[in-house]
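One-letter residues, chain by chain:
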Amino acid sequence: MKKTPIELNVNGQTRTVLVEPRELLIHTLREQLELTGPHVGCETSHCGACTVEIDGRSVKSCTLFAVQAAGAEITTVEGLASPDALHVLQTSFREHHGLQCGYCTPGMITRAHRLLQENPNPTEEDVRFGLAGNLCRCTGYQNIVKSVLAAAEELNTQKEAAQA
Amino acid sequence: MNEKAPLDRDERISNLKGMGCSRKRVEDVRFTQGRGNYVDDVKLPGMLFGDFVRSPYAHARIKSIDTEAAKAIPGVIAVLTAADLAPLNLHWMPTLAGDKQMVLADGKVLFQGQEVAFVVAEDRYAAADGIEAVVVDYEELPVITDPFKALADDAVVLREDLEAGADGAHGPRRHHNHIFLWEAGDKTTTEQAIDSADVVAEEMVYYHRTHPCPLETCGSVASMDKITGKLTLWGTFQAPHVVRTVASLLSGIEEHNIRVISPDIGGGFGNKVGVYPGYVCSIVASIVTGKPVKWVEDRMENLMATAFARDYWMKGRISATKEGKITGLECHVTADHGAFDACADPTKFPAGFFHICTGSYDIPTAYVGVDGVYTNKAPGGVAYRCSFRVTEAAYFIERMIEVLAIELDMDAAELRRINFIRQDQFPYQSALGWEYDSGDYHTAWDKAMAAVGYDDLRKEQAEMVEAFKRGESRKLLGIGLTHFTEIVGAGPVKNCDILGMGMFDSCEIRIHPTGSAIARLGTISQGQGHATTFAQILATEIGIQADSITVEEGDTDTAPYGLGTYGSRSTPVAGAATAMAGRKIRAKAQMIAAYLLEVHDDDVEFDVDRFVVKGAPERFKTMKEIAYAAYNQAIPGVEPGLEAVSYYDPPNMTYPFGAYICVMEIDVDTGTHHVRQMYALDDCGTRINPMVIDGQVHGGLTEAYAIAMGQEIAYDEIGNCKTGTLMDFFIPTSFETPHYTTDHTVTPSPHHPIGAKGVGESPNVGGVPAFSNAVHDAFRAFGLRQSHMPHDQWRIWETANKLGMHA
Ligand code: FES
Ligand code: FES
């Protein structure tokens with residue numbers, strides 16, 4: 001099948017890739033751009049392992065053609081840390097044992113990242129609802145929720161410190 | 001000279017981050033940044049992609065397969081069928097259970113989703129095009145999805161490849177669709193005890209078919225280097241060394257020319273113990289094409305074709321005196337194994353350790369018989385987050401206890417208490433042949449009862465029943481009790497093996513000159529955090545900080561031979577090997593320290609991170625100093641270097657136990673439920689990392705919750721798998737998942753070097769009966785004895801409806 005060049009803006013970089021119209025974004029990210037953080041768990045939009053951020057929204061990249069993401073701003077888990085420090089969510093997941101096999105983790109953290117922008121002061125209920133599109137088979141979620149709540153608190157403290 | 005400003009002893013202990021501390025996991029730094037390396041992340045130059053044509057029918061004869069059109073598709077390199085594999089004798093393969101299984105359909109298909117042809121292409125899209133173009137001509141045959149019907153005289157013959165009347169791997173087969181009858185205990189005595197008892201409860205307890213469904217599916221990448229003759233195989237293997245041996249036996253490639261690598265594994269839960277056609281086909285395809293070949297199944301393939309779990313029909317009888325003292329237990333199981341017997345059990349145990357089904361109770365006589373049966377369903381029968389068939393056993397006994405309590409009109413908690421094996425009875429010989437190592441069930445039970453406020457809960461429950469009867473409320477309360485005993489850590493080589501390989505495990509340690517270390521094990525983590533916890537065991541054993549110890553697993557070229565990770569065997573077996581290897585290091589370190597301190601070997605003793613001269617603690621050598629000396633000094637009578645290896649053959653299994661209580665509200669009209677409280681007390685012996693243990697318990701409870709409340713692999717009568725996607729196959733989200741309270745007691749295993757018993761699977765074993773018993777208990781006052789899992793909304797509504805509660 002014929003391939004077309006498209007531009008993808010991923011984690012602040014513009015990359016040109018050749019794709020078939022039917023190529024799913026998750027495959028372009030993983031196989032062409034070597035961003036293997038997002039994973040495939042179902043290919044049917046149920047598990048969220050493939051979650052990335054596109055133009056400020058959480059998107060399951062297994063159910064989107066790469067061509068549909070041309071020109072958009074895409075962030076994957078690889079784009080969350082700054083050059084000198086991990087993102088608060090990344091340290092918080094480790095601190096509170098929010099992961100085991102790690103397969104859901106990139107999608108889970110990427111989703112949590114967006115959730116905390118949508119709602120910087122979530123309750124436990126908000127977090128549980130807000131992460132319901134991301135399945136985890138290992139942790140039973142209790143420590144994931146704890147990690148996200150702790151990260152929210154930490155981010156708010158940092159924000160206050162920056163404003164003071 | 002010695003280091004300055006001595007830390008006090010407690011500081012030295014805490015610096016080690018040894019056993020008992022909640023050390024943060026070393027794995028997480030990679031995983032949280034998306035830097036894991038799972039099998040689908042493996043990318044090799046020129047790599048091809050293989051995918052299966054699968055059968056849409058559950059039972060059909062294959063009249064022809066036409067691959068010509070597929071081969072003409074751009075990007076398609078090859079299409080393999082059974083006819084291509086036959087000359088290599090790889091169209092069939094042995095299963096772990098002593099049966100054989102088709103790699104690619106040979107003349108007929110026996111379950112929906114069975115592998116029919118393997119299309120190899122330049123990428124996954126071209127492979128998908130190729131699959132579409134393969135034309136298979138099927139002739140449908142009658143389908144059997146019910147194991148009882150499979151044993152009818154006129155049932156269609158499923159396995160035409162098996163010689164009629166010939167014995168199977170586990171003795172005589174009494175019917176063409178029968179696989180084995182496996183028995184334990186004393187049938188005659190048990191029948192007599194039950195037939196002459198005051199009270200007998202009889203029930204059919206069904207534990208439905210489900211699936212481990214780890215978030216990462218199964219897959220492999222095979223790379224045959226024609227120049228060196230070496231085959232490298234990456235894959236989702238819970239037992240990489242066994243895979244190497246099997247691959248060698250099947251392919252004829254010498255074992256030293258095969259390197260098996262289990263990279264990071266995205267959860268296993270038993271699904272990744274089996275050997276699947278995809279692994280074999282990726283190897284053959286790599287040999288045929290001379291290129292690396294990747295195979296990764298999608299979710300539907302995973303749920304339809306790779307190893308399911310459970311599917312046990314357990315018909316039981318339990319008897320007791322009027323006072324409730326149990327006198328006998330009998331169980332006959334009809335076990336649906338699907339089209340091939342591909343259960344993953346130790347060879348001599350075709351029904352796994354199901355005969356742990358006397359549970360936590362002192363039952364004087366018992367008998368178990370398990371009939372394995374073929375049907376037109378996917379093969380498998382793996383231990384989904386449990387030791388071999390232990391979840392089935394625990395569910396069976398914990399349901400039978402509840403039914404007996406109804407029969408006796410007794411409180412189910414009290415019935416358990418009066419029948420528990422007492423602490424002074426350990427080591428305890430069970431009627432079905434096990435020797436329980438240690439336990440203190442009464443203490444755990446009392447602690448659990450007090451923690452949930454059991455008596456108040458019963459009062460509240462009674463009030464809710466009254467309110468319901470008065471028509472004031474439509475809600476009920478269920479109190480789901482469970483006291484389970486697990487059997488894990490397979491196992492003693494004298495009776496436990498897989499394909500002849502004894503179920504020992506191993507650890508090899510090398511201490512570097514500067515006092516850091518690497519340890520390699522025969523197991524493989526799938527999220528359990530081995531890199532973190534095994535370093536903790538070692539830190540305590542050898543006095544080197546856990547942060548200075550690398551733990552490596554999964555590469556058969558470097559790791560010592562081991563039987564892998566499943567059945568909660570890592571801590572009981574490899575954990576013991578680790579401690580024993582550590583002790584060998586310590587023994588040598590002692591000689592070096594004594595030499596350096598110029599005293600006799602017996603005059604020094606180990607103290608946290610050093611050897612000290614007895615009675616003169618100011619004279620010591622740290623392990624760091626000793627390690628350095630091992631490499632830079634000629635010590636008379638001592639070889640240079642500091643390394644050790646241990647192969648540990650456990651003397652017995654370990655028997656973790658726990659008391660779980662689920663408090664659940666049920667809405668009679670909608671069938672919905674709300675878990676108000678889920679309390680889990682685990683006793684896994686010595687606790688290595690409490691944080692990791694809690695995490696394992698949360699995860700296992702969630703899988704248990706799924707299984708009990710909605711998760712199943714269901715077929716219609718013509719063998720269509722109705723639950724092939726995550727839309728139909730229930731995996732709870734964060735929103736549905738209950739909140740858990742964990743607790744513990746500590747009863748160390750007397751025969752394990754550090755007293756640890758293993759915990760990863762307890763919460764699934766104990767969780768399922770706790771949730772299910774809660775549902776049953778809610779309806780006890782209205783006459784419910786037994787209903788089948790999973791207790792989804794519809795089934796709970798139906799239960800209430802059948803009890804006339806909607807009238
Ligand atoms: S892989 Fe995209 S939602 Fe599961
Ligand atoms: S940590 Fe394994 S799926 Fe979430």
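Remember, predicted model here, so these are calculated numbers, not experimental data.

**Q** Can you walk me through the overall build of chain A in this structure?
**A** The helix and strand inventory of chain A stands at 5 helices and 5 strands. Mapped from its N terminus to its C terminus, chain A presents α and β elements in the order β-β-α-β-β-β-α-α-α-α. For 164 residues, the compact-globule estimate of 2.2 N^0.38 gives 15 Å, and chain A sits close to it at 16 Å. In chain A, buried positions account for 56% of the 164 residues. Long-range contacts, defined as pairs at least 24 residues apart, comprise 54% of the intrachain contacts of chain A with a sequence gap of at least 6. Total accessible area on chain A is roughly 6700 Å²; 50% of this is exposed by carbon and sulfur atoms. Each charge class in chain A can be summarised by its mean position, and for the 14 positive and 19 negative side chains these summaries are 6 Å apart.

**Q** Quick question: what am I supposed to make of the domain arrangement of chain B here?
**A** How big an interface is tends to be stated in terms of the accessible area lost upon association of its parts. Residues and elements named next belong to chain B. Splitting chain B by domain gives domain 1 (9-36 + 505-648), domain 2 (39-141 + 217-265 + 272-305) and domain 3 (308-427 + 437-489 + 653-802). One C-alpha centre belongs to domain 1, the other to domain 2; they are set 40 Å apart. Taken residue by residue, the interface counts 20 residues in domain 1 and 19 residues in domain 2. Regarding the contact of domain 1 and domain 2, the summed buried area is about 1500 Å², with carbon and sulfur atoms giving 50% of it. If you sort the residues of domain 1 by the area they bury against domain 2, Q526, T556 and Y561 come out on top, with a joint share of 37%. For the salt bridge of R259 with D557, the shortest nitrogen-to-oxygen distance reads 3.7 Å. Looking at the side of domain 1 that touches domain 2 residue by residue, the class counts come to 7 nonpolar, 10 polar and 3 charged.

**Q** How should I be thinking about the interface of chain B and chain A in this particular structure?
**A** Contact residues are listed per partner, giving 54 residues for chain B and 49 residues for chain A. Joining chain B to chain A, the criterion identifies 7 salt bridges. Connecting chain B to chain A are 27 residue pairs in polar contact (both at pLDDT 80 or more). Only α2 (28-31), α5 (124-133) and α18 (690-709) of chain B provide two or more residues apiece to the side of chain B that touches chain A. Of all the elements, α18 of chain B adds the most residues to the side of chain B that touches chain A, at 8 residues.

**Q** What's the story with the sheet that holds strand β30 (residues 643-648) of chain B in this structure? I'm lost.
**A** For sheets, the rule is that strands pair by backbone hydrogen bonds, running either parallel or antiparallel. All names here are of chain B. One open sheet holds the 4 strands; their spatial order is β26-β25-β24-β30, and the pairing between them is mixed. The open sheet has two free edges, formed respectively by β26 (549-553) and β30, since each of these has just one partner strand. On average, adjacent strands in this sheet sit at an angle of 15° to one another, irrespective of strand direction. Pairing of strand β24 (residues 505-511) with strand β25 (residues 517-521), which is carried by 5 bridges, proceeds in the antiparallel orientation. Looking across to β25, one finds that R510 is bridged to I518. Each of β24, β25 and β26 touches helix α15 (residues 530-542); the most contacted strand, β26, lies at about 130° to it. Helix α16 (residues 570-597) rests against β24, β25 and β30 of the sheet, and its axis sits at about 145° to β30.

**Q** In this structure, what is going on with the packing of α15 of chain B against α16 of chain B? I would like to understand it.
**A** Two packed helices can be described by the angle between their axes and the distance between those axes. All names here are of chain B. Packing of α15 against α16 leaves a shortest axis separation of 9 Å and a crossing angle of 35°. α15 and α16 meet at a crossing whose hand is right-handed. Packed against α15, whose contacting residues are H530, F534, I537, L538, T540, E541 and I542, the element α16 presents S570, A574, G575, T578, A579, G582, R583, I585 and R586 at the interface.

**Q** Help me understand the domain arrangement of chain A, please; the structure alone is not making it clear to me.
**A** All names here are of chain A. By domain assignment, chain A separates into domain 1 (4-79) and domain 2 (88-163). Here the C-alpha centre of domain 2 lies 22 Å away from the C-alpha centre of domain 1. Buried area between domain 1 and domain 2, summed over both chains or domains, comes out near 1200 Å², and the portion from carbon and sulfur atoms is 50%. The closest approach of N and O atoms between E53 and R114, which form a salt bridge, is 2.8 Å. For the side of domain 1 that touches domain 2, the secondary structure elements donating two or more residues are β3 (51-54) and β4 (57-60).

What counts, and at which threshold
- Residues numbered from 1 in each chain as written.
- Chains lettered and ligands numbered in written order.
- Predicted model: local features only at pLDDT ≥ 70, side-chain atom pairs only at ≥ 80, totals over all residues.
- Heavy atoms only, no water.
- Helix = DSSP H or I, 4+ residues; strand = E, 2+ residues; numbered from the N terminus.
- Rg over C-alpha atoms; globule rule 2.2 N^0.38 Å.
- Buried < 20%, exposed > 50% of the residue type's maximum accessible area, 1.4 Å probe, protein only.
- Contact = heavy atoms within 4.5 Å.
- Areas by Shrake-Rupley, 256 points an atom, 1.4 Å probe, with all protein chains shown as cover.
- Lys, Arg positive; Asp, Glu negative; His and termini not counted.
- Charge placed at Lys NZ, Arg CZ, Asp CG, Glu CD.
- Domains from an automatic or database assignment.
- Buried area = accessible area lost by both parts, 1.4 Å probe.
- Salt bridge = Lys/Arg side-chain N within 4 Å of Asp/Glu carboxyl O.
- Nonpolar A, V, L, I, M, F, W, Y, C, P; charged D, E, K, R; others polar.
- Polar contact = N/O pair within 3.5 Å; in protein donor to acceptor, adjacent residues only side chain to side chain.
- Pairing = 2+ DSSP bridges.
- Axes fitted to C-alpha atoms, helices over the stretch in contact; angles between N-to-C directions.
- Left-handed = near helix turned anticlockwise from the far one by under 90°.

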